[in-house]
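# Observations on the three-dimensional arrangement
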Amino acid sequence: MNGFWSIVLIEFMHLRRDKTTLIIALVLPMMQMILFGYAINFDVKHIQTVVVDLDNTPESKQYLDRLHATHYIDYVAYAKTPEKAAGMLQDGAARVGVTIPPGFARTIEAGGNPQVGVMIDGSDAQVSVRAQLAFLSPPASLPKGAPDARINVLFNPSSKTATFMIPGLIAVILQVVTVALTAFSIVREKEQGTLEQLMVTPVGRLALMLGKLAPYAILAMGELLAVFFVSDVVFGVSARGSLLVLFFMSLPFVLASLALGLLISTIAQTQGQALQFTQLSLMPSLLLSGYVSPRETMPGWLYLISTVMPATHYIEITRGIMVRGAGFSDLLPQFFALIAIAVVLILLSTFRFRKSLA
Amino acid sequence: MAVNAIETKGLTRKFESMTAVDSVDLSVEKGSIFGFLGPNGSGKSTCIRMLCGVLEPTGGQATVNGFDVAKQPEDVKRTIGYMSQSFSLYRDLSPRENLQFFGSIYGLRGDKLKSRMEAVVDLVGLQKYVDQPSGTLSGGWKQRLALAAALIHEPPLIFLDEPTAGIDPVARRSLWDLLFDLAGGGTTLFVTTHYMDEAERCSQIAYIYMSKIIIRGTPSELKRLPQVSPEGTRRLAIETEDPPRVLMGLKKLPFVRDATLAESEIHLLIDKETSDEDVSKAVSAGGQTASGFRNIEPSLEDVFVAVTKSLEQQ
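Residues numbered from 1 in each chain as written. Chains lettered and ligands numbered in written order. Predicted model: local features only at pLDDT ≥ 70, side-chain atom pairs only at ≥ 80, totals over all residues.

Take the sheet that holds strand β12 (residues 256-262) of chain B next. Residue and element names in this part refer to chain B. Judged by pairing direction, the sheet is antiparallel, and its four strands sit side by side in the order β12-β13-β11-β14 without closing on themselves. The outermost strands of the open sheet, each flanked by one partner alone, are β12 and β14 (291-295). With direction set aside, neighbouring strand axes in the sheet form an average angle of 20°. In this structure, β12 lies alongside strand β13 (residues 265-271), joined through six bridges in antiparallel fashion. (Pairing = 2+ DSSP bridges. Helix = DSSP H or I, 4+ residues; strand = E, 2+ residues; numbered from the N terminus. Axes fitted to C-alpha atoms, helices over the stretch in contact; angles between N-to-C directions.)

Written out as structure tokens, the structure is:
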């Protein structure tokens, strides 16, 4: 035990001067607790619902109001036909479609139980289960003749966990690997002194950033193929939509993740810090992106944070194409959001890089 | 009209409240070996970074190879070479790959790149090692490789930031032989060093201290400066058996202004009217004998010590 106390003392002195480690050890867990305590919430409410009211009577309105009063169902759109409503479910504009058939009021009047058509998007198991409950036990039935909800789970009808988890998992795994690929690139050159030499050459800053990014983008797209392969062969989860479209739409996500790594690399002072930041960036992507629990459950500020994270949009793309069979045009908003995030991150790292030299 | 390789006027860089480089005026002639000296933290590196177009000045101006460092940093970078004290090429790449990479960044392609690579490899004598990982080369060979990389685009001006720090004396000498060849060929060299023998080899010297240039000139001009060899003093070298102990005794004497050990001798700065005899007596009083009395010139080390001392006293 010779020297034990000296070592303890010197470690404390190191800690006192290493602000980053101190902050990560003390402040971060609190922030994470708060953030994730709000984020992980399986009590889904306000499920986005599209209504097809073919009866259009006071009775049908009353039924819809009662459903809304449960807080589980929020009406976001009205469609003319059940086909149009199904289309909205496929692009992800709504999660549930309710069709009230013509003669709804008359059936009640006659003392019968009218049938109501319910379509549910099964690509998110939490939402799907909650929506089914909302219709199966109508909390306030009408004065007479309780409507009979015929539930049809459109995608992943067997509620297979793999079908629902794998597309999200692909996004998470891809992000873990890609962020790490570039997170060390600049800071490693800083540590080894090679950046000093590079900076006195006429190499452009944007050229440096994009040059660091491009080879890893190719590598990451290769990884993506490997991940799709495992998803299909091992878990039997293949894309209902076009694999080619999915592959193409993955590119901006890969670029955004690599750019995030690059940004980390310009902020971190050492490779050790880069590793800590990389792990940090992963937690929100896991918990806020809709991978674990639906984004509908998040409070507004958290929802906003999740909107600027690449994984959020990419999970909607993977689930859309793989589970619901959505096409390219259905997912354009997510695609452009990813492109915007990638561009902003690349510009931000170029700017950060310039500052870090001074 | 021969434009100077480097010309600065009032060049200044402030970091928040701290002034790292304060109104520096320099002119470096084409083809000269310019020695930029000064203690660590005096502003040397900041000054070099501004001259290389990496860091923007906050005041004054500087032209390098005729380009303004603030307005045309990319042109400056294109026309200079830079060699740093710590090895700053890619260790996992071979010298050939490193040279290829840096050559291509400067826009060299195809046959031109190939012939330049051959030329610099020949110049520094790196032929035997071109294909082994650069990280496995010895310190001296690493510095030769770094010099080759700095020369790949035939820059008329090279910055060498302590190029010989930490390499052995033989490698140091042969690197300097290379530098003389370059200067002979018309390349301007801007060198920083802490080695006085290297400073002696420079055609011009500027000494920066506490962010300011305090003296400049040729080595012999510097040695004649009044604050280095004050009126009424002379420099004397003596030999004794136990120099450190004798030195201790001599330092206490009123007529000794400065005393130091050099090459097993004692170098003294004494009043002019003090004779060799007086010194001899003083040494004998301490139980030792002094011999080999001879008058000497101040060394560059003496120059810098004297100048900083006189500044600190102010």
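On we go.
Now for the pairing of strand β4 (residues 59-64) of chain B. Residue and element names in this part refer to chain B. With five bridges joining them, strand β1 (residues 6-15) and β4 adopt antiparallel strand pairing. Bridging from a neighbouring strand, Lys 9 pairs with Gln 61 of β4. As consecutive antiparallel partners, β4 and strand β5 (residues 67-68) are separated by two residues, and within that stretch Asn 65 has a phi angle of approximately 50°, a positive value.

The subject of this paragraph is the packing of helix α7 (residues 161-183) of chain A against helix α12 (residues 271-288) of chain A. All names here are of chain A. At a minimum axis separation of 10 Å, α7 and α12 run at an interaxial angle of 160°. Of the possible angle classes, the one that applies to α7 and α12 is roughly antiparallel. When you trace α7 past α12, the crossing you get is right-handed. Taking contact as the criterion, the partners of Val 172, Gln 175, Val 176, Val 179, Ala 180 and Ala 183 in α7 are, on α12, Ala 274, Phe 277, Thr 278, Ser 281, Leu 282, Ser 285 and Leu 286. Residues of the contact of α7 with α12, tallied by class, amount to nine nonpolar, four polar and no charged. (Parallel < 35°, antiparallel > 145°, perpendicular 65-115°, else oblique. Left-handed = near helix turned anticlockwise from the far one by under 90°. Contact = placed C-beta atoms within 7 Å. Nonpolar A, V, L, I, M, F, W, Y, C, P; charged D, E, K, R; others polar.)

Turning next to the packing of helix α4 (residues 110-124) of chain B against helix α5 (residues 139-151) of chain B. Any two packed helices are characterised by how steeply their axes cross, that is the angle between the axes, and by the distance between the axes. Residues and elements named next belong to chain B. Packing of α4 against α5 brings their axes to within 9 Å, and their N-to-C directions diverge by 145°. Considering how the two elements wind past one another, α4 and α5 form a crossing that is right-handed. For the pair α4 and α5, the contacting residues are Val 120, Val 121, Leu 123 and Val 124 in the first and Arg 144, Leu 147, Ala 148 and Leu 151 in the second. Class assignment for the residues of the contact of α4 with α5 results in seven nonpolar, no polar and one charged.

This part takes up the interface of chain B and chain A. Contacts between the two partners involve 17 residues from chain B, matched on the other side by 11 residues from chain A. Of all the secondary structure elements, the ones that give two or more residues to the side of chain B that touches chain A are α2 (73-78), β6 (80-83) and α3 (95-105) of chain B. Sorting elements by how many residues they give to the side of chain B that touches chain A places α2(B) first, with three residues. In terms of residue class, the side of chain B that touches chain A is built from 11 nonpolar, three polar and three charged.

Residues and elements named next belong to chain B. A rise of 1.5 Å per residue sets the reference length of α4, with its 15 residues, at 21 Å; its end C-alpha atoms lie 22 Å apart and thus fit the reference within 8%. Along α4, the residues that are buried comprise Met 117, Val 120, Val 121 and Val 124. Within α4, the buried residues cover an arc of 100° as seen down the axis, which keeps them to one side. Exposed positions of α4 whose direction lies more than 90 degrees from the buried face are Asp 111, Lys 112, Ser 115 and Asp 122. Residues of α4 that are buried in the fold lie against α3, α5 and α6 (169-184). Downstream of α4 by one or two residues, Gly 125 has phi in the positive range, about 70°. (Expected span 1.5 Å × (residues − 1). Buried ≥ 20, exposed ≤ 12 C-beta atoms within 10 Å, placed from the backbone. Arc of directions from axis to C-beta.)

Residues A:Val96, A:Ala256, A:Leu258 and A:Ala259 are the most contacted members of the largest nonpolar core, which totals 88 residues. Ranked by the residues each element gives to this core, the list is headed by helix α11 (residues 243-267) of chain A, at 13 residues. When we break this core down by domain, the ones giving at least three residues each are domain 2 (47-153) and domain 3 (161-357) of chain A. Judged by nonpolar contacts, the second largest core, of 69 residues, contains B:Ile6, B:Phe34, B:Val76 and B:Leu157. (Core = buried A, V, L, I, M, F, W, Y, C linked by C-beta atoms within 7 Å. Domains from an automatic or database assignment.)

Scope: geometric values only; no functional claims are made or implied.
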